[in-house]
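Residue strings, one per chain:
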Amino acid sequence: MTMVHTPLLLLPLALAAAAAIAAGFLRPRLAAFVGCGAAAAGFAAYLAMAGGVAEGVRATAPLLAVPTLGIGGGLALDGLALIFALLITGIGALVFLYSADYLGADRRLGRLSVMLLVFMLAMLGAVTADDIVLLFVFWEMTSLASFFLVGFNHTERGARQAALQALLVTGAGGLALLAGLLLVAGAAGTTSISGIIAARDAVLAAPTAVPAMLLVILGCFTKSAQVPFHFWLPNAMAAPTPVSAYLHSATMVKLGIYLLARFNPVYQDEVLWQTILTWFGLVTSATGAVLALRETDLKRVLAYTTITGLGTLTLLIGVAPAEAATAAMTFLVVHALYKAALFLVAGVVDHETGARDASRLGGLGRAMPLTALAACLAALSMAGLPPFVGFVAKELVYAVKLDGESSALLVGVGFLVNASTVAIAGVLSLRLFFGTRQPTPRAPHDPGLAMLAGPILLAGLGLIAGSMPGLLGDRLVGPAAAAMLGRPADVHLSLWHGPSVLLALSIATVAAGMAIFAAWGRIVPGMRRAAIVDVAGPAALYERGLARLLEIAAGTTRAIQHGSLRGYLRLLFAVAALATLATLLLRDGLRLPAFDAAGLDARALILLGLPVGAAAAALAPTVFVAILAMGLVGFTTAALFLVFGAPDVAFTQFAVETLLVVIFAAAIRYLPIRRRGYRQRRERVADATIAVGTGLAVTLALLAVLGTPYDSRLSDWFGDQSLAAAHGRNVVNVILVDFRALDTLGEITVLAIAAFAVTALLRPIPKDQTR
């Protein structure tokens, strides 16, 4: 594969970022059109690179490299990244155009456009990133952007709950993914994704190979709504329809699929990889198909059929035959086209009629002929009928299942899933737009061109691609399948293969699907009576688990955050003392330095001030006397610094101690000073024990430090580099303002904040506030 560096690869991301910034200052409707233009320009840029990618060229561009940390950064565009990038930008442009009329004069349209642009930027970055650090940053950006998009109607409780649920599920998966990616990178010796693929043998030979694989799979499963993490996707339908059409048909939910396909060259021959992906994909597709038959809400029906499609894609990545890559990439395109179109149609129906309950809708075709046309074209592709590209994908999927292991089970379950899909396609087209007209809250009619362009164009592309499958295979599917396999793929897409078992399965699928469609009105109530799904399903377990977690958090907060400053200090010092002592004991840190008593002189008498001050503080009759006694300890320490050759530290200590005594003396005016002896005996014993333990821990730690052989490498380096690198002769000053400049800045910030507090303490107390 030829590699070519091109700045054109950065253009779509730069356009998305610039448009997101600009959209925040524009009128809402204009912001939507700016987003449409940015997405369309990005689509054109990727399309311009498609020819080279089809010929084996891999475009690259630098981005956010940190060589000192071993992070190469950078973007790369191969067949797999290209097919996703075209879907993200192409469907994104149509969604922006659609939202301009869907929200119309709603002032929130500007906010929606900004968030959609940020999400598009994150998606494009994720699919083109050639570094796992960069990939993970963009991955998490999609989760955060999705949180705000799903919760767009934030005044509604359901939207807030759905947004939180999606964030918690995908965020938890993101943490698992991060762990897996780090293990993989550690085994490969590089953070470059292309480098990891090239180091396949090293990755698989590492002791962490299986845990890393499982963690990556877990992260992808949460993102792409695989069982048992599928429940967040239908609930995310609380988002506006443009968001659902964009995030939940072609972009976010397929990001996990993308990563599975991206790492497939590493793991494709591993039995564990094949087994997990195949059977979880099969169960997920079946679960989505069954649950779709329980719903009448158009968006939730489409959400569950999306789960079906995601399960099918996961299964195809896991199935061993090389033809599965061709089937997976073809179905990826097919599913994105018809599902985005049908989501947009559902939004049109809801927008123009005020209803989206399929059981209460019907006969809309005469009032909405163009919408009906788009719905029927998309539904025919969804049902897998010729000459639509959905037929090509369905036969490819059946062929892969027939060639794989456990073919009878795969084909049997797949047949039922496909039949259910055909039935749902009938509900979304025949039931909605034909038959007897049902009353609706608003008089139905076709919307404007902005809302119709997306569904008609996407549905029409399904027909065009089905008529020219060879072009789709050569330009998009072939390069993507090759990237998924890690080797050239022999791709030949055809609409007609003659009479065969595949054709017989397709005919039987349509017949079974129409039978299910005819009984749909009776199936839905019967399926809803299966209450076990609502009581014991993953969604119910999530709700109970989250409620229990919140109870534990509340109990922990009540136990720890009790409001007693004395209690906080007890806990702080006790934990610090125990942790220090345990570390010294377990790590063999109890060592004493060599002690030469002959080196002592009269200066050692200053040490007597320490126990005197400590005893005076402990036995002081008032708080003010205790503060003065504590000052004695500090001044004694400063005197020791002074007589043993550290005058700069000594004067700093003198200043600090003086300020502390003054500040504490001023602060006690505001404190509710209790009478002496208010503590019970057990409290005094506990306080004394903690104090002695803390003192012992600090003393032993300091002795261990003094007993450790002195390593002069760091001080020697500072001495050597002080003048040469920082142009300063005072090593201490250079360390503070150059080598540890950020530490010093932090300390200055803390002191500045403390100065404000001191100023408040030293202000005169108004007479009405004095005690």
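Residues numbered from 1 in each chain as written. Predicted model: local features only at pLDDT ≥ 70, side-chain atom pairs only at ≥ 80, totals over all residues. Heavy atoms only, no water.

K.L.:
How would you sum up the overall build of the protein chain? Please name residues and give values.
P.N.:
Broken down by element type, the protein chain carries 32 helices and 3 strands. With respect to the principal axes defined by its C-alpha atoms, the protein chain has extents near 110 × 65 × 50 Å. For the protein chain, the residues scored as buried account for 47% of the 771 residues in total. When contacts within the protein chain are restricted to residue pairs at least 6 apart in sequence, long-range pairs at least 24 apart make up 79% of them. Roughly 36,000 Å² of accessible area belongs to the protein chain as shown, and the carbon and sulfur atoms make up 69% of that amount. Within the protein chain, one finds 51 positive and 40 negative side-chain charges whose respective centroids are separated by 13 Å. (Helix = DSSP H or I, 4+ residues; strand = E, 2+ residues; numbered from the N terminus. Buried < 20%, exposed > 50% of the residue type's maximum accessible area, 1.4 Å probe, protein only. Contact = heavy atoms within 4.5 Å. Areas by Shrake-Rupley, 256 points an atom, 1.4 Å probe, with all protein chains shown as cover. Lys, Arg positive; Asp, Glu negative; His and termini not counted. Charge placed at Lys NZ, Arg CZ, Asp CG, Glu CD.)

K.L.:
Residue-level account of the side chain of Thr421, with values.
P.N.:
Structurally, Thr421 is set in helix H18 (residues 407-433). Owing to a relative accessible area of 15%, Thr421 belongs among the buried residues under this scheme. Apart from the residues within four sequence positions on either side, Thr421 is in contact with Thr308 and Met382.

K.L.:
Break down the environment of Ala209 for me, with residues and values.
P.N.:
Summarising the element assignment, Ala209 is placed in helix H9 (residues 209-223). For the pair Ala209 and Tyr267, spaced 58 residues apart in sequence, the C-alpha to C-alpha distance is 9.8 Å. Apart from residues no more than four positions distant in its own chain, Ala209 is found in contact with Val203, Leu204 and Tyr267.

K.L.:
Give me the lowdown on unusual backbone geometry, citing residues and values where you can.
P.N.:
Here Val227 and Pro228 are connected by a cis peptide whose omega angle stands at 10°. Looking at the secondary structure, you find Pro228 in the loop between H9 and helix H10 (232-235). The residue after Pro386, namely Pro387, is reached through a cis peptide bond having omega 5°. Examined against the element boundaries, Pro387 turns out to sit in the loop between helix H16 (369-383) and helix H17 (389-403). Backbone geometry at Leu64 places phi at a positive 55°, although glycine is not the residue there. The residue Leu64 is located in the loop between strand E2 (57-61) and strand E3 (75-77) in this model. The backbone of Ala225 sits at a positive phi, close to 55°, despite the residue not being glycine.

K.L.:
A description of the domain arrangement of the protein chain should follow, citing residues and the corresponding values.
P.N.:
When its domains are assigned, the protein chain resolves into domain 1 (129-530), domain 2 (587-593 + 602-710) and domain 3 (717-771). Of note, the centres of domain 1 and domain 2, computed from C-alpha atoms alone, are 67 Å apart. (Domains from an automatic or database assignment.)

K.L.:
Please give an account of the packing of H9 against helix H12 (residues 255-267) that cites residues and values.
P.N.:
Between H9 and H12, the least distance of the axes is 7 Å, while the angle of their chain directions is 155°. Relative to H12, the element H9 lies roughly antiparallel. For the pair H9 and H12, the crossing hand works out as left-handed. Of the residues in H12, those touching H9 at Ala209, Ala212, Met213, Ile217, Cys220, Phe221 and Lys223 are Leu255, Gly256, Leu259, Leu260 and Tyr267. Among the residues making up the contact of H9 with H12, the classes are represented as 10 nonpolar, 1 polar and 1 charged. (Axes fitted to C-alpha atoms, helices over the stretch in contact; angles between N-to-C directions. Parallel < 35°, antiparallel > 145°, perpendicular 65-115°, else oblique. Left-handed = near helix turned anticlockwise from the far one by under 90°. Nonpolar A, V, L, I, M, F, W, Y, C, P; charged D, E, K, R; others polar.)

K.L.:
Give a detailed account of the pattern of salt bridges, specifying residues and quantitative values.
P.N.:
For the structure shown, the criterion picks out 16 salt bridges. A salt bridge links Arg548 to Glu551; the shortest N-O distance between them is 3.1 Å. Within this pair, Arg548 and its partner Glu551 are both found in helix H24 (residues 538-560), separated by 3 residues, close to a single helical turn. Looking at Glu551, the relative accessible area reads 48%, which means it is partly exposed. Between Asp743 and Arg740 there is a salt bridge, with its nearest N and O atoms 3.0 Å apart. Judged by relative accessible area, Asp743 falls into the partly exposed class, the value being 39%. By relative accessible area, which is 41% here, Arg740 ends up partly exposed. (Salt bridge = Lys/Arg side-chain N within 4 Å of Asp/Glu carboxyl O.)

K.L.:
Provide a residue-level description of the packing of aromatic side chains, including the pertinent values.
P.N.:
For any two aromatic rings, the description comes down to two numbers: the centre-to-centre distance and the angle of the planes. Taken as a whole and judged by the stated rule, the model has 12 aromatic pairs. With a centroid separation of 5.5 Å and an interplanar angle of 50°, the aromatic rings of Phe221 and Phe280 are classed as tilted. Of this pair, Phe221 sits in helix H9 while Phe280 sits in helix H13 (residues 271-292), placing them 59 residues apart in sequence. Note on Phe221: relative accessible area 4%, which makes it buried. Ring plane angle 70° and centroid distance 5.5 Å describe the contact between Trp717 and Phe718, whose orientation is recorded as edge-to-face. The exposure class of Phe718 is buried, given its relative accessible area of 14%. Counting every residue linked through ring pairs, the aromatic cluster contains Phe635, Phe651 and Phe654. (Phe/Tyr/Trp six-rings, centres within 6.5 Å; stacked < 30°, edge-to-face > 60°.)

K.L.:
I'd like to hear about the packing of helix H1 (residues 11-23) against helix H4 (residues 109-128), residue by residue, with values.
P.N.:
Where H1 contacts H4, the two axes come as close as 8 Å, and the packing angle between them is 165°. As far as their axial angle goes, H4 and H1 are roughly antiparallel. The hand of the H1/H4 crossing is left-handed. Taking contact as the criterion, the partners of Pro12, Leu13, Ala16, Ala17, Ala19, Ala20 and Ala23 in H1 are, on H4, Val114, Leu117, Val118, Met120, Leu121, Leu124, Gly125 and Thr128. Taken together, the residues of the contact of H1 with H4 break down into 13 nonpolar, 2 polar and no charged.

K.L.:
Report on a nonpolar patch on the surface, specifying residues and quantitative values.
P.N.:
A contiguous nonpolar patch, built from Leu457, Leu461, Ile464, Met468 and Leu471 and spanning about 440 Å² of accessible area, is present on the exposed surface. Of all the elements, helix H19 (residues 449-467) adds the most residues to the nonpolar patch, at 3 residues. Counting through the fold element by element, Met468 comes out in the loop between H19 and helix H20 (469-485). A relative accessible area of 44% means that Met468 is categorised as partly exposed. (Patch = residues over 30% accessible without salt bridge, like charges linked within 9 Å, V, L, I, M, F, W, Y side chains within 5 Å.)

K.L.:
Could you give an account of the environment of Leu380, naming the residues involved and the relevant values?
P.N.:
Residue placement: Leu380 occurs in helix H16. Accessibility expressed as a relative area gives 32% for Leu380, which makes it partly exposed. In the structure, Leu380 is positioned 69 residues away from Gly311 in sequence and 21 Å away in space, judged by C-alpha atoms. Beyond its immediate stretch of four places on either side in the chain, Leu380 contacts Leu385 and Phe388.

K.L.:
Which residues make up helix H28 (residues 647-667), and what values do they have?
P.N.:
Taking 1.5 Å as the rise per residue, H28 with 21 residues should run 30 Å; its terminal C-alpha atoms sit 30 Å apart, in good agreement. Along H28, the residues classified as buried are Ala650, Glu657, Val661, Ala666 and Ala667. (Expected span 1.5 Å × (residues − 1).)

K.L.:
I'd like a description of the environment of Lys299, backed by residues and values.
P.N.:
With respect to the helices and strands, the residue Lys299 is situated in helix H14 (residues 298-318). Separated by 57 residues in sequence, Lys299 and Arg356 place their C-alpha atoms 7.8 Å apart. Setting aside anything within four residues of it in sequence, one finds Lys299 in contact with Met237, Ala239, Pro240, Thr241, Ser244, Phe343 and Arg356. Within polar-contact distance, the side chain of Lys299 engages the backbone oxygen of Ala239 at 2.5 Å. (Polar contact = N/O pair within 3.5 Å; in protein donor to acceptor, adjacent residues only side chain to side chain.)

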